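Chain and residue survey
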Amino acid sequence: MESQRVLVTGGGGFIGANLANKLAENNDVVALDDGYLGTPENVSDDVEYVEQSVLADDLPTDVDVVFHLAALSSYAMHEDNPTHGARVNVEGFVNTVEQARDDGCDTIVYASTSSIYGSRTEPSPEDMDVTVNTGYEASKMARETYAEYFQNHYDLTLAGMRFFSVYQGYGGAEEHKGEYANVIAQFADDLAGGDAPKLYGDGEQTRDFTHVDDIVRGLVLAAEHELNGVYNLGTGEAYDFNTVVEMLNDELGTDIEPEYVENPIPEDVYVHDTCADFSRMHDATGWEPEISFEEGIELVCAPYT
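Residues numbered from 1 in each chain as written. Predicted model: local features only at pLDDT ≥ 70, side-chain atom pairs only at ≥ 80, totals over all residues. Heavy atoms only, no water.

In the annotation of an unreviewed UniProt entry, the entry for the protein chain reads UDP-glucose 4-epimerase, and the organism field reads Haloarcula hispanica.

**Structural notes on the overall build of the protein chain**
Using the following cut-off: Only DSSP runs of H or I reaching four residues or more are called helices, and only runs of E reaching two or more are called strands; each is numbered from the N terminus. For the radius of gyration, the atom set is restricted to C-alpha positions; the globular benchmark scales as 2.2 Å times the number of residues to the power 0.38. Exposure categories follow from relative accessible area, calculated using a 1.4 Å probe and restricted to protein chains: below 20% of the type maximum is buried, above 50% is exposed, and the middle band is partly exposed. Each accessible area value is a Shrake-Rupley result obtained with a 1.4 Å probe; residue values ignore everything except the protein chains displayed when judging cover. Asp and Glu count as negative and Lys and Arg as positive, but His and the ends of the chain are not part of the count. Where a charge lies is defined by one atom per residue type: Lys uses NZ, Arg uses CZ, Asp uses CG and Glu uses CD.
When you go through the protein chain residue by residue, the secondary structure sums to nine helices and 13 strands. Computed over the C-alpha atoms, the radius of gyration of the protein chain is 18 Å, within 12% of the 19 Å expected from 2.2 N^0.38 for a compact globule of 305 residues. Viewed in the frame of its principal axes, the protein chain has a C-alpha envelope of about 55 × 40 × 40 Å. Within the span of the protein chain, comprising 305 residues, buried residues form 54% of the whole. Of the roughly 13,000 Å² of accessible surface on the protein chain, a fraction of 41% belongs to carbon and sulfur atoms. The average position of the 13 basic charges and that of the 61 acidic charges among the side chains of the protein chain differ by 6 Å.

**Thoughts on unusual backbone geometry**
Trans is the common state for peptide bonds, and a negative phi is the common state for residues other than glycine. The phi angle at Asp155 is positive, at roughly 60 degrees, despite the residue not being glycine. By the element assignment, Asp155 lies in the loop between helix 4 (135–154) and strand 6 (157–163). Judged by its relative accessible area of 67%, Asp155 is exposed. With a phi angle near 50 degrees, Glu226 is a residue other than glycine that sits in the positive phi range. Within the secondary structure, Glu226 is located in the loop between helix 6 (212–224) and strand 11 (229–233).

**Things to note about the pairing of strand 1 (residues 5–9)**
Each regular strand carries side chains that alternate between the two faces of the sheet. As a reminder of what qualifies: A pair of strands is labelled paired if DSSP reports no fewer than 2 bridges between them.
In terms of burial, strand 1 is largely enclosed, as four of its five residues are buried. With five bridges connecting them, strand 1 and strand 2 (residues 28–33) associate as parallel partners. Along strand 2, the bridge assignment pairs Val6 with Val29. One ladder, built from four bridges, connects strand 1 with strand 4 (residues 65–68); its direction is parallel. Across the sheet, residue Thr9 finds its bridge partner in strand 4, namely His68.

**Considering helix 3 (residues 82–102)**
Using the following cut-off: Helix span, as expected, comes to 1.5 Å for every residue beyond the first. By definition in these notes, contact holds between two residues if any of their heavy atoms fall within 4.5 Å.
If you check helix 3, its first and last C-alpha atoms are 29 Å apart, about what 21 residues at 1.5 Å a residue would give, namely 30 Å. What helix 3 keeps buried is the set Gly85, Val88, Asn89, Val90, Gly92, Phe93, Val94, Asn95, Thr96, Val97, Gln99 and Ala100. Structurally, helix 3 contributes buried residues whose contacts are with strand 1, strand 4, helix 2 (75–80), strand 5 (107–113), helix 4 and strand 6. Two residues or fewer past helix 3, Gly104 is found with a positive phi of approximately 90 degrees.

**Focus: the environment of Ser53**
The cut-off we apply is this: Identification of polar contacts relies on pairs of N or O atoms within 3.5 Å, with a donor-acceptor requirement for protein atoms, meaning one able to donate a hydrogen and the other able to accept it, and with residues adjacent in sequence counted only if both atoms are side-chain atoms.
In this structure, Ser53 sits in the loop between strand 3 (48–51) and strand 4. In this structure the C-alpha to C-alpha distance between Ser53 and Ser119, which are 66 residues apart in sequence, comes to 33 Å. At 3.0 Å, the side chain of Ser53 forms a polar contact with the backbone nitrogen of Leu55.

**Examining the side chain of Thr285**
The residue Thr285 is located in helix 8 (residues 279–285) in this model. The exposure class of Thr285 is buried, given its relative accessible area of 15%. Among the polar contacts listed, one links the side chain of Thr285 to the backbone oxygen of Met281, at a separation of 2.9 Å. Beyond its immediate stretch of four places on either side in the chain, Thr285 contacts Leu221, His225 and Leu227.

**Digging into the pattern of salt bridges**
What counts here: Here a salt bridge means any side-chain nitrogen of Lys or Arg lying within 4 Å of a carboxyl oxygen belonging to Asp or Glu.
One pass over the full model with this rule turns up 10 salt bridges. Residue Asp28 pairs with Arg5 through a salt bridge whose shortest N-O separation is 2.7 Å. Residue Asp28 is found in strand 2, and its partner Arg5 is found in strand 1; the two are separated by 23 residues along the sequence. Arg5 gets classed as partly exposed once you look at its relative accessible area, which sits at 26%. Across the pair Asp214 and Arg217 runs a salt bridge whose closest N-O atoms are separated by 2.8 Å. Of the two residues, Asp214 and Arg217 are both situated in helix 6; the distance of three residues between them amounts to about one turn of the helix. One salt-bridge network, in which partners are shared between bridges, spans Arg5, Asp28 and Glu48.

**Here's the deal with the packing of helix 7 (residues 241–252) against helix 9 (residues 293–301)**
What counts is decided by this rule: Axes here refer to lines fitted to C-alpha atoms; in helices the fit is confined to the stretch in contact. Angles between the N-to-C directions go from 0 to 180 degrees. An angle below 35 degrees is read as roughly parallel, one above 145 as roughly antiparallel, one from 65 to 115 as roughly perpendicular, and any other as oblique. Left-handed describes a crossing in which the near helix is turned anticlockwise from the far one by less than a right angle; the clockwise case is right-handed. Any residue that is not Ala, Val, Leu, Ile, Met, Phe, Trp, Tyr, Cys, Pro, Asp, Glu, Lys or Arg is counted as polar, Gly included; the first ten are nonpolar and the last four charged.
The contact between helix 7 and helix 9 brings their axes to 10 Å, and the two run at 55 degrees. Classified by the angle their axes make, helix 7 and helix 9 are oblique. The handedness of the crossing between helix 7 and helix 9 is right-handed. On helix 9, the residues that touch Val244, Met247, Leu248, Glu251 and Leu252 of helix 7 are Phe293, Glu294, Ile297, Glu298 and Cys301. For the contact of helix 7 with helix 9, the residue count by class is seven nonpolar, no polar and three charged.

What follows is the structure in structure tokens.
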């Protein structure tokens, strides 16, 4: 993508800042963030930063492409205030798309979630039955339903990207998320500081960990190809938390056993295992993950070694 004017909502956050900074190399980029989980410190000087909520009525949507990543992005955030979560994730999405449509922008790429697949050790395709067990998942499913409405009624182009466990480490734009950061970042920081990482249950739960650089490439390709519908962004491989800690110990030169604690998330809503089938995205754009998990672990640990 080159010489485009682009809006990234949630642009001061983890994924949004990585996307905004990458796009700013060849495009005119506006990063919009309300400051809840984002910070202007994450974005480069080439990015125009606007501190504003996606619920505002004067968004800078006079652009060629909107990447809508702004969201309350976890189970805990929604349970703290379900109404606010719905307003930001659902109303904020509709508000942003409506204003973009009014301003003549017809290409929107937005964040959905892989959590709606539930617990699966086999790769999850986009056309499988999905379910909603949390307010967070409900809000992302609502986005997908509204996107279908905008596609059918207004002929807009909307691509929903179902992310799988995105990580980068505290050396990137993830550190400000703290307790909401990916477990890899948290575990690495604990081990580097001489502390035992806390694992829920027995540590045998698995995740399809996907490096943020691969996520950014997928988002850009979705816009360039003007995709419609929903697409998985994940690697198709999964690692359990015990293995993650072991690999981090090896890379950091530490030897610290994890501490096993009771899972604060109810078992009937906790997603124990995830794994992506990314073949639809690959068929549409040629996208595939480029950063192996071993390389990703090295990148996470690099600031400490």
